[in-house]
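Descriptive structure summary
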Amino acid sequence: MLSNRLGVVLATALAPAVWGSTYLVTTELLPPDRPLLASVLRALPAGLLLILITRRLPRGQWWWRAAVLGALNIGVFNAMLFIAAYRLPGGVAATLGAIQPLLVAGFAAGLLGQKLTTRTLVAGLAGFAGVSLLVLRADAELDGVGIAAALAGAVVMALGVVLSKRWRADAPMLAVTGWQLAAGGLLLVPVTLFAEGPPPAALTGPNLLGYAYLAIIGSAFAYALWFRGIHALSPTEVTFLGLLSPLVATLLGWLVLGQHLTPVQGLGGLVVLAAVVTAQLPARTLVRS
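Here's a quick rundown of the structure. No experiment lies behind these values; they were computed from the predicted model shown.

With 58 residues, the main nonpolar core has W62, W179, L181, Y223, W226 and L243 as its most contacted residues. Per element, the largest residue contribution to this core is eight residues, and it comes from helix α4 (residues 62-87). Grouped together as the second largest cluster of nonpolar side chains are seven residues, A84, V92, A93 and L96 included.

Below you can see the structure in the form of structure tokens.
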């Protein structure tokens, strides 16, 4: 039983690890200044592909539930994410997003009746501190709109994670994932056209490769693992795994782009890992220790 749970945790952890590569792919392969287009092209094609593979459409109340979850987990979240990314240094946006485990714990207590434990609170604060050490810079400039967008993104994603646990669909997980990706992508289409205009007339080979990676690996594959994890684990356990994303992004920047990694960042990475591991330990393991 324990080995099965560990397998689910490790598989779920692959999702934020993959999302940690998004910054690298975006900066090295995609056309500049088109973040919302990237969001649409990573979500909508992936969603349609999964729907085509499963040949399953929503039924009954799952039409509106899929729309709500798609908006929270994909559409609104990505819009807020990129508003924050444009108006804030990346470290500030990532640090504000690191409050998500605490938000999920609060929503889970209210909507699912899960107990809000001291361990969760301590691990959540440690994760927030670890991400701060990992990515935040002393000279970072703050912007009110950007801060509001980053916090709103954390809130909607946290609510989406908890509702994904509360609403159980009588359908394959790949189909449910496809519904959400398609709904979120469709929601982003008019926003993208308004904010960025039509797609570029010509896309290069690296552009197409980058979009294909984000759609197939970054969305269809990663979100399927993520929602499977939400189904099998508690929302709090899953959302702590999301702290791996800024950690992987920092490591890739160091390994691939040659970015400098300081001792303080190393300490932050260790704190993040400690928070993630602590959140996954069964309560009885902590008592025995």
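Turning to the side chain of N73, a few remarks are in order. As for its placement among the helices and strands, N73 is situated in helix α4. For N73, the side chain forms a polar contact with the side chain of Q180, separated by 2.8 Å. Setting aside anything within four residues of it in sequence, one finds N73 in contact with M157, G160, V161, S164, Q180, Y223 and F227.

With that settled, consider helix α13 (residues 263-280). Along its 18 residues, α13 runs 26 Å from first to last C-alpha, staying within 8% of the 26 Å computed at 1.5 Å per residue. Buried within α13 are the following residues: Q265, G268, G269, V272, A275, V276, A279 and Q280. In an axial view of α13, the angular spread of the buried residues amounts to 130°, which keeps them on one side of the axis. Away from the buried face of α13 by more than 90 degrees, exposed residues P263 and L270 are located.

Inspection of the entire model under this criterion finds two salt bridges. In this structure, the salt-bridge partner of E237 is R5, at a minimum N-O distance of 2.5 Å. Of the two residues, E237 is situated in helix α11 (residues 235-241) and R5 in helix α1 (residues 2-19); the sequence distance between them amounts to 232 residues. Judged by relative accessible area, E237 falls into the buried class, the value being 16%. Across the salt bridge formed by E196 and R34, the nearest N and O atoms sit 3.3 Å from each other. Here E196, found in helix α9 (residues 173-196), pairs with R34, found in the loop between α2 (22-29) and α3 (35-54); they are 162 residues apart in sequence, far enough to count as distant. This pair shows no difference in class: E196 is buried, exactly as R34 is.

Here is what the cut-offs are and how they apply
- Residues numbered from 1 in each chain as written.
- Predicted model: local features only at pLDDT ≥ 70, side-chain atom pairs only at ≥ 80, totals over all residues.
- Heavy atoms only, no water.
- Core = buried A, V, L, I, M, F, W, Y, C linked by side-chain atoms within 4.5 Å.
- Buried < 20%, exposed > 50% of the residue type's maximum accessible area, 1.4 Å probe, protein only.
- Helix = DSSP H or I, 4+ residues; strand = E, 2+ residues; numbered from the N terminus.
- Polar contact = N/O pair within 3.5 Å; in protein donor to acceptor, adjacent residues only side chain to side chain.
- Contact = heavy atoms within 4.5 Å.
- Expected span 1.5 Å × (residues − 1).
- Arc of directions from axis to C-beta.
- Salt bridge = Lys/Arg side-chain N within 4 Å of Asp/Glu carboxyl O.

Keep in mind that these numbers describe shape and distance, not what the molecule does.
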